[in-house]
Amino acid sequence: MRVINLKVENFLRLVAVDITPAGDIVTLTGKNAQGKSSVLTALWAALAGKDAAPDVPVHKGAREAKIRVDLGRFVVTRKFRLTDAGEVTTSLAVESADGQRFSSPQKMLDELIGAMTFDPLEFARMKPRDQFDALAALVPTVDFDEIANKNRGDYENRTDINRRAREARAAASVIAIPTKLPERVDEQALVAEMASATQREQEIAAHGQRLQDATRALDDNKRRLAEDRRELSDLEDRIADLKARIEAREHDVKTGEDLLNSLPAPPPRIDVSAVAEQLNAARETNRQLDEVAKKREQKASLERMAAALEKESDELTARIGARNAAKEKAISEAKMPVPGITFGDGEILLNGVPFAQGSSAEQLRTSVAIAAALNPKLRVIHVRDGSLLDDGSLAWLATYAHEHDLQVWVEQVSNGDGVGFIVEDGHIKAAETAERAA
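Residues numbered from 1 in each chain as written. Predicted model: local features only at pLDDT ≥ 70, side-chain atom pairs only at ≥ 80, totals over all residues. Heavy atoms only, no water.

If you tally the helices and strands in the protein, you get ten helices and 13 strands. Rg of the C-alpha trace for the protein: 57 Å, well past the compact-globule value of 22 Å for 438 residues, more than 25% over. Its C-alpha atoms give the protein principal-axis dimensions of roughly 180 × 55 × 40 Å. Put simply, 69% of the contacts in the protein that link residues at least 6 apart link residues at least 24 apart. (Helix = DSSP H or I, 4+ residues; strand = E, 2+ residues; numbered from the N terminus. Rg over C-alpha atoms; globule rule 2.2 N^0.38 Å. Contact = heavy atoms within 4.5 Å.)

Glancing now at the packing of aromatic side chains. This structure, assessed with the given rule, holds six aromatic pairs. The interplanar angle of 75° and the centroid separation of 5.2 Å between the aromatic rings of Phe-132 and Phe-343 together place this pair among those described as edge-to-face. Taken together, the residues span a long stretch of sequence, with Phe-132 in helix H4 (residues 128-136) and Phe-343 in strand E7 (residues 341-343) at a distance of 211 residues. Three or more aromatic residues joined by ring pairs form one cluster here, namely Phe-132, Phe-144 and Phe-343. (Phe/Tyr/Trp six-rings, centres within 6.5 Å; stacked < 30°, edge-to-face > 60°.)

Attention shifts here to the environment of Ala-136. With respect to the helices, strands and loops of the structure, Ala-136 is situated in helix H4. Ala-136 sits in the buried class, given a relative accessible area of 15%. In sequence terms Ala-136 and Thr-342 are 206 residues apart; their C-alpha atoms lie 9.7 Å from each other. Those residues within four positions of Ala-136 in sequence are excluded, and the remaining contacts are Phe-144 and Phe-343. (Buried < 20%, exposed > 50% of the residue type's maximum accessible area, 1.4 Å probe, protein only.)

Another point: the pairing of strand E11 (residues 407-413). Of all seven residues making up E11, six are buried, and the element is well covered by its neighbours. Looking at chain direction, strand E10 (residues 380-383) and E11 are connected through four bridges and run parallel. For His-382, the partnering residue across the bridge sits in E11 and is Trp-409. As for the winding sense of the linkage, the β-α-β connection from E10 through helix H10 (residues 391-403) to E11 is right-handed. (Pairing = 2+ DSSP bridges. Right-handed = clockwise from strand over helix to strand, strands pointing away.)

Further remarks concern the confidence of the model for the protein. Mean pLDDT over the protein stands at 83; residues scoring 70 or higher make up 94%. Residue range residues 431-438 is modelled with pLDDT below 50. Its contacts to residues more than four positions away, or to other chains, number 21 contacts. (pLDDT = per-residue confidence, 0-100.)

Moving on to the sheet that holds E7. Strand order in the open sheet formed by three strands is E7-E8-E9, with antiparallel pairing between adjacent strands. In the strand order of this sheet, the two ends are held by E7 and strand E9 (353-354), each with one partner. As defined by bridge partners, E7 adjoins strand E8 (residues 348-350) across three bridges and the pair is classed as antiparallel. Residue Phe-343 lies in a different strand from E8, and its bridge partner there is Ile-348. Across the sheet, H4 is in contact with E7 and E8; its angle to E7 comes to roughly 105°. (Axes fitted to C-alpha atoms, helices over the stretch in contact; angles between N-to-C directions.)

Take a look at the structure:
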């Protein structure tokens, strides 16, 4: 559908305008502040609703503004009234060609038009993220934000996992395991041998103590015997008594000798220091073996951790790849309106570079094509800054409009002698139209 006829009364700067377009290009010319922009604003306000209209849409001195848009299949009539309290009310009626009215007219119009129906160059003026969101409407099956958020989370998670995997690998690599190790030594046997040697030493010490005690006692008895004998020679009168004492002493001496002679020979000595040295060496060997076993287990644990982290990283990479592949598949199936246009990270790309870096001609062609693709039903667009377009861009626009069944309303500033609809002081000065050929 396209605009067959547009009638505007008392809207903004317009007093009475009646435009019946001919051809694909509808040119609105005239000096500044004469009402050219009001024509396009009226067309947008009639279709998009009250929110698309200015706060004070009624022409100064009037009480009511009326906009009637004939789309062929439908006729849209929008009215704005200025109340005594200074408020603005609006009414909308949409009738089919056979006179049938729609019960929910604005809902029907919302389904008919798109956000860039009237000004495709608005796309070029958008911020990159807004351009991205507008173009994403062509791929409704893909939630780009969800994919970007999930990928961002997985990228960060994978980065952390890879860092931890590298740390585990590095920690494992510095653990050196000796290739030649001695046999493990039985410490218990050496401990038992050392205990036996210690007990033997104690037995030898006890035997020596007994020997020393017996020797001391024997020496003491011999000394006393000698004294007694000397005393016997000196004291004859005490001889009887001394004989008894001698006999007793002799008996004691005999008993001591017998005891001394009856003691067995001491057991052979055991070199305790040698056993202690062997025990210390065994403990050192076993400590080294335990340390190696601990290092081996630590190394294996780190390698298992690294392998698990690497597997988790691979799974994240696969998930990211799968999401990106699904996104690319949906984009490839979406039939982009312009060859070479695709989605970047929060911005659109044209031939691999950001859209804003494209030439003015590329931006114009891309914006018009996107506007047309986003509005397959109402084939009406307008270029508000038409004076900025050179002859080549205007010629391309006319050719594109003809090839794609578009009606393009172009607003241009002139001295009032241009072609098309000349707007002067809120009226159409001339009804001359000119269709631009490719």
